[in-house]
Amino acid sequence: MSLLNKSTVPSRTGFWPNNRNTIIGIVLLAVGILALPFVASSSLMNIAVFTLIFALPAIGLSLLMGLAGQVSLGQASFFAIGAYTHAILLSKFDMPGPVAAIGGVVAAMLAALLVGLPMLRLRGHFLALATLGLGFIVMIAVREWDFTGRTTGIYGFGRPEVFGIPIDNNGFFFWFVAPFVLIALVLALNLTRSRAGRALSAVNDSELAAESLGVNTYILRLKVFVLSAAFAGLGGVFYAYQVQIVSPQVAEFHVSVEILLMVVIGGLGSVWGAVAGAFIVELLSEGLRDLIPALIPGATGEVQLIGYGLVLVLVIILLPGGLYQAVMSAWRAIRHRGSRVDAGAAPSPEPAPSAAAVSTAPDAGGATDAAPAASTPDTPLPAVSTPLAVGEPILEVAGLTKRYGGVVAVDDVGFTVPAGKIMGLIGPNGAGKTTCFNMISGAIAPTAGTVRFLGEEIQGRKPHVGALKGLTRTFQNLQVFASTDVVGNVYMGRYRKGRAGIVRGMLGLQGREQYAHEEIAREVLEAMRLGDVAGSGASDLPFGRQRMMEVCRALASEPALLLLDEPMAGLSGKERDMLAALLRRLRDAGLTIVLVEHDVAQVMSLADTVAVLDDGVLIAHGDPETVRNDPKVIVAYLGTDAEEAEAELMELEEQA
Ligand SMILES: Nc1ncnc2c1ncn2[C@@H]1O[C@H](COP(=O)(O)OP(=O)(O)OP(=O)(O)O)[C@@H](O)[C@H]1O
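Starting afresh in each chain, residues are numbered from 1 along the sequence in its written order. Predicted model: local features are reported for residues with pLDDT of at least 70 only, side-chain atom pairs are reported and counted for 80 or more only, and whole-chain, interface and lining totals are derived from all residues. Side-chain metrics in this entry use all non-hydrogen atoms of the structure; hydrogen atoms and water are not considered.

S.K.: Sorry if this is basic, but what is going on with the overall build of the chain here?
M.R.: Helix and strand definitions here come from DSSP, where helices need a minimum of 4 consecutive H or I residues and strands a minimum of 2 consecutive E residues; each element is numbered from the N-terminal end. Counting secondary structure elements, the chain contains 25 helices and 14 strands. Per-residue burial over the chain gives 53% buried out of 656 residues. Taking the contacts inside the chain whose residues are at least 6 apart along the sequence as the reference set, 75% of them involve residues at least 24 apart. Accessible surface is estimated by sampling points in the Shrake-Rupley manner with a 1.4 Å probe; for residues, cover comes only from the protein chains shown. Accessible area of the chain: about 27,800 Å², with a carbon and sulfur share of 62%. Note on classification: 1.4 Å probe, protein chains only; a residue is buried when its accessible area is under 20% of the maximum for its type, exposed when over 50%, partly exposed between these limits. In this analysis, two residues are considered to be in contact whenever any of their non-hydrogen atoms come within 4.5 Å of each other.

S.K.: Looking at this structure, I do not really get the environment of Phe437. What am I missing?
M.R.: The topology assignment puts Phe437 in helix H15 (residues 433–441). A residue is classified by how much of its surface remains accessible, and Phe437, at 0% relative accessible area, is buried. With 128 residues separating them in the primary sequence, Phe437 and Asp565 have C-alpha atoms 7.8 Å apart. Apart from residues no more than four positions distant in its own chain, Phe437 is found in contact with Leu425, Arg473, Leu563, Leu564, Asp565, Val594, Leu595 and Val596.

S.K.: What is the right way to read the site of the ligand from this model?
M.R.: The immediate surroundings of the ligand are formed by 13 residues, with Gly430, Lys433, Thr434, Thr435 and His598 found nearest. Separating an oxygen atom of the ligand from a side-chain N or O atom of Lys433 is a distance of 2.8 Å. Taking Thr435, its side chain carries an N or O atom lying 2.5 Å from an oxygen atom of the ligand. Per-element accounting of the shell around the ligand gives the leading share, three residues, to H15. A per-class count over the shell around the ligand returns four nonpolar, seven polar and two charged. Throughout, near means a residue has at least one heavy atom within 4 Å of the molecule or strand. Pairs of N or O atoms within 3.5 Å make up the polar contacts considered here, provided that, within protein, one atom can donate a hydrogen while the other can accept it, and that residues adjacent in sequence are counted only when both atoms are side-chain atoms. Each residue is assigned to one class: nonpolar for Ala, Val, Leu, Ile, Met, Phe, Trp, Tyr, Cys and Pro, charged for Asp, Glu, Lys and Arg, and polar for all the others, Gly among them.

S.K.: Is there a simple way to think about helix H17 (residues 486–493) in this case?
M.R.: Each α-helix turn comprises 3.6 residues. Residues three or four places apart therefore point the same way. Judged by how many residues are buried, H17 sits mostly within the fold: eight of eight residues are covered. Of the positions making up H17, those classed as buried are Val486, Val487, Gly488, Asn489, Val490, Tyr491, Met492 and Gly493. Where H17 is buried, its residues touch helix H7 (195–205), helix H19 (511–527) and helix H20 (543–556).

S.K.: In this structure, what is going on with the sheet that holds strand S6 (residues 407–418)? I would like to understand it.
M.R.: Adjacent strands of a sheet pair through backbone hydrogen bonds, lying either parallel or antiparallel. With antiparallel pairing, four strands are arranged side by side in an open sheet as S6-S5-S8-S9. Taken across any chain shown, the strands that pair with only one partner, and hence form the sheet edges, are S6 and strand S9 (456–457). With eight bridges joining them, strand S5 (residues 393–404) and S6 adopt antiparallel strand pairing. Its bridge partner being in S6, Leu395 is matched across the sheet by Val417. Across the face of the sheet, H15 comes into contact with S5, S6 and strand S8 (448–453) while running at roughly 120° to S5. Strands pair, by our definition, only if DSSP identifies at least two bridges between them. Axis definition: a line fit to C-alpha positions, over the contact stretch in the case of helices; interaxial angles, taken between N-to-C directions, run 0 to 180 degrees.

S.K.: Even after reading the chapter, I still don't get the packing of aromatic side chains, so can you show me in this structure?
M.R.: What describes a pair of aromatic rings is the distance from one ring centre to the other and the angle between the planes of the rings. Only Phe, Tyr and Trp rings are paired, with Trp represented by its six-membered ring, and only when their centres lie within 6.5 Å; those with planes under 30 degrees apart are stacked, over 60 edge-to-face, the remainder tilted. Applying the stated criterion to the full structure yields 15 aromatic pairs. Here the aromatic rings of Phe54 and Tyr239 are separated by 6.3 Å at their centres, their planes lie at 70°, and the arrangement is edge-to-face. Highlighted residues: Phe54 in helix H2 (residues 42–67) and Tyr239 in helix H9 (residues 217–243), separated in sequence by 185 residues. For the ring pair Phe176 and Phe238, a centre distance of 5.8 Å and an interplane angle of 85° mean the geometry is edge-to-face. Of this pair, Phe176 sits in helix H6 (residues 170–193) while Phe238 sits in helix H9, and the two are 62 residues apart along the sequence. As far as burial versus exposure is concerned, Phe176 and Phe238 are alike and both buried. Taken together, the ring pairs in this structure connect Phe173, Phe176, Phe180, Phe238 and Tyr241 into an aromatic cluster. Placement of a charge over a ring requires the Lys NZ or Arg CZ to be within 6 Å of the ring centre, with the centre-to-atom vector within 35 degrees of the ring normal. Stacked on the ring of Tyr495, the Lys or Arg Arg195 has its end atom at 3.8 Å from the ring centre. The side chain of Arg553 reaches across the aromatic face of Phe481, ending 4.4 Å from its centre.

S.K.: Looking at this structure, how should I read the sheet that holds strand S7 (residues 422–426)?
M.R.: The strand order across the open sheet formed by six strands is S10-S11-S12-S7-S13-S14, and the pairing between neighbours is mixed. Strands at the two margins of the open sheet, each flanked by one partner only, are strand S10 (471–473) and strand S14 (617–622). Averaged over all adjacent pairs, the angle separating strand axes in this sheet is 15°, with direction ignored. Across the sheet, H20 touches S10 and strand S11 (561–565), and the angle it forms with S11 is around 165°.

S.K.: In this structure, what is going on with the side chain of Ser256? I would like to understand it.
M.R.: Tracing the backbone shows Ser256 in helix H10 (residues 253–266). On the basis of relative accessible area, Ser256 is assigned to the buried category, the value being 7%. Separated by 3.4 Å, the side chain of Ser256 and the backbone nitrogen of Gln75 make a polar contact. Here Ser256 is in contact with Leu73, Gly74, Gln75 and Ala76, once residues within four sequence places are set aside.

S.K.: Would you mind showing me how to read the pattern of salt bridges here?
M.R.: Between Lys or Arg on one side and Asp or Glu on the other, a salt bridge is scored when a side-chain nitrogen of the former is within 4 Å of a carboxyl oxygen of the latter. Going through the model one piece at a time under the given rule, you end up with 19 salt bridges. For the salt bridge of Glu252 with Arg143, the shortest nitrogen-to-oxygen distance reads 3.6 Å. In this pair, Glu252 sits in the loop between strand S4 (245–246) and H10 while Arg143 sits in helix H5 (residues 126–144), placing the two residues 109 residues apart along the sequence. Through salt bridges with shared partners, one network takes in Glu144, Asp146 and Arg150.

S.K.: Is there a simple way to think about a nonpolar patch on the surface in this case?
M.R.: The patches reported here contain residues having more than 30% relative accessible area and no salt bridge. Joining distances are 9 Å for like charges and 5 Å for nonpolar side chains (Val, Leu, Ile, Met, Phe, Trp, Tyr). Taken together, the side chains of Phe93, Met95, Val99, Trp145 and Phe147 define a hydrophobic patch exposed on the protein surface, amounting to about 470 Å² of accessible area. One can find Phe93 in the loop between helix H3 (75–91) and helix H4 (97–119). A relative accessible area of 47% places Phe93 in the partly exposed class.

S.K.: I'm lost on the pairing of S8 in this one. Help?
M.R.: Put simply, side chains in a regular strand alternate between the two faces of the sheet. In this structure, S5 lies alongside S8, joined through five bridges in antiparallel fashion. Bridging across to S8, Thr401 finds its partner in Ala448. Joining the antiparallel neighbours S8 and S9 is a turn of two residues, in which Leu454 adopts a positive phi near 50°.

S.K.: Any chance you could explain the packing of H2 against H10 here in plain terms?
M.R.: For any two helices packed against each other, one specifies the crossing angle of their axes together with the interaxial distance. Interaxial distance between H2 and H10 falls to 9 Å at its minimum, and their mutual angle equals 65°. Classified by the interaxial angle, the pair formed by H2 and H10 is roughly perpendicular. In terms of crossing hand, the pair formed by H2 and H10 is right-handed. Side by side, H2 and H10 meet where Phe54, Pro57, Ala58, Leu61, Ser62 and Met65 of the first sit next to Val255, Ile259, Leu260, Met262 and Val263 of the second. Among the residues making up the contact of H2 with H10, the classes are represented as ten nonpolar, one polar and no charged. These descriptions rest on fixed angle ranges, namely under 35 degrees for roughly parallel, over 145 for roughly antiparallel, 65 to 115 for roughly perpendicular, and the rest for oblique. Crossings are sorted by hand: turned counterclockwise from the far helix by less than a right angle, the near helix makes the crossing left-handed, and turned clockwise it makes it right-handed.

Below, the structure is given as structure tokens:
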């Protein structure tokens, strides 16, 4: 079983991990680790051992902060829990080393579960505060509790042995820890590139969009928090072995700051960076230990913390992306220079237009002159799921109400959407259309009323509940996953169709599934004429193309019900026509669509039924012809003067 992602299905563009580079990196690191004890001085060996020990909690924190976007100020508490549990199991319960080590890791994970269960439901910086609090609780508890040896700590346990050989010098210990760090590194790298890792990044970019594609953000964050604690606990186990005494010092706040510094110096989100950061902080710590007493006679640990603080501030100001950013910039500069030299030596025949050039074409909507591909019946159509026969009720909304204080945004709205049909939801600005969508999709909870999707009540449930059953949406205010490219965004649409979780992701056992989903994402992009920008950064696209990309992302999920919130806003005329043609074809293929749109002419020509909201109230619902001629709609939607409104309607009809 390989620990690296592997698949017999190749990725066409390197969207998925470049295993070759990872393997080269790991092999170089392993060779360095093997050689170091032969060449390093004893002080360098000491730094190297602590680098490996602290690389473990740093890797864990980099997953939590860089990938999941959750700040923890208490990584030292999980490190300490791992160290104390291990030491106690060894010294007080005479447990074998491996069992005590597993005990240390499990105890750290359980503590994380206890803290994470309530805290990860909250948004913002609550986790940072909770972990800070946990850090103080652990520190005070171990200092005051007889069982943990109060200020003296736990000591008197043996060193590890491998095949009867005691690991009793720095060189051996370094080799003893190294395989665990290498494995942790590979597992973490695999995770960042896996379905779960991509989902975590997506949650970090837009929690709402990720939820709306089926990601259970709470559970995913909780899992990565517990995983991060497991890495920290393992680091604590090795620390206990190396130092041979576990005292309250290990749980102090400055240890958490050190680990945080490692991750920030290395570059948030870069697993390699966390290891490099661990080395730099250990060097720095050694340097500050000598430098600070020389500068300030009698200075102790607290002053060292000021040194860390200064470095942290400097890194954040001067190099916010850390070492990772610096190395990547240097690498890009070298490659750029290399390609310039090549170009000067031998001019290439016909340079292909770059994706970036395509994406930044002057046409704001990104439209091209060629005939819209998706409007022709022979162009491929994204798959849809059709759980019901055409005409059966797929979405039933009753008494839906949303109050914001005195404002009634949506007032007792009810309608039924039949499967395989398009329903237009129109109304003047502020009528309550988006609020309705938000309640149907689960983005907000209604004050009253019910939403039934495929016969199940989903009102007040998180968006992933409906999404997993096939309810997908787009957003009026675009929700782009800015940290990835266009195909990466559309791949996330496939989330509900995937199965691989965190463990499979870490073990790299999901390549086939990933590549298959990537292929589907590309096919959807091709069908929507976005294939040329598949590799471009999502946030580099012009507005109109970002909107189309969101539609692609929703379609990639093979929805049964698609909620489109103003999908035509910002699109060029040709793109609107293309989208309208595509929606018709999707409807004919069995997809149910609810469309909020200000382009009334398009809605009237597209929709099978139209519902009209005005001031939160449903004032009309029926076929387009009836709705168009409804006096309430004419007055409420187009103005108070009925004659003028009639004239405008005629104009719209002509346009349609
Ligand atoms: N979070 C909120 N707090 C208070 N009022 C809100 C909130 N969200 C929406 N509203 C109000 O609810 C009403 C309906 O807003 P909503 O955005 O649903 O309308 P809309 O029909 O989608 O408008 P538009 O076509 O301009 O997007 C508006 O009066 C709006 O100001």
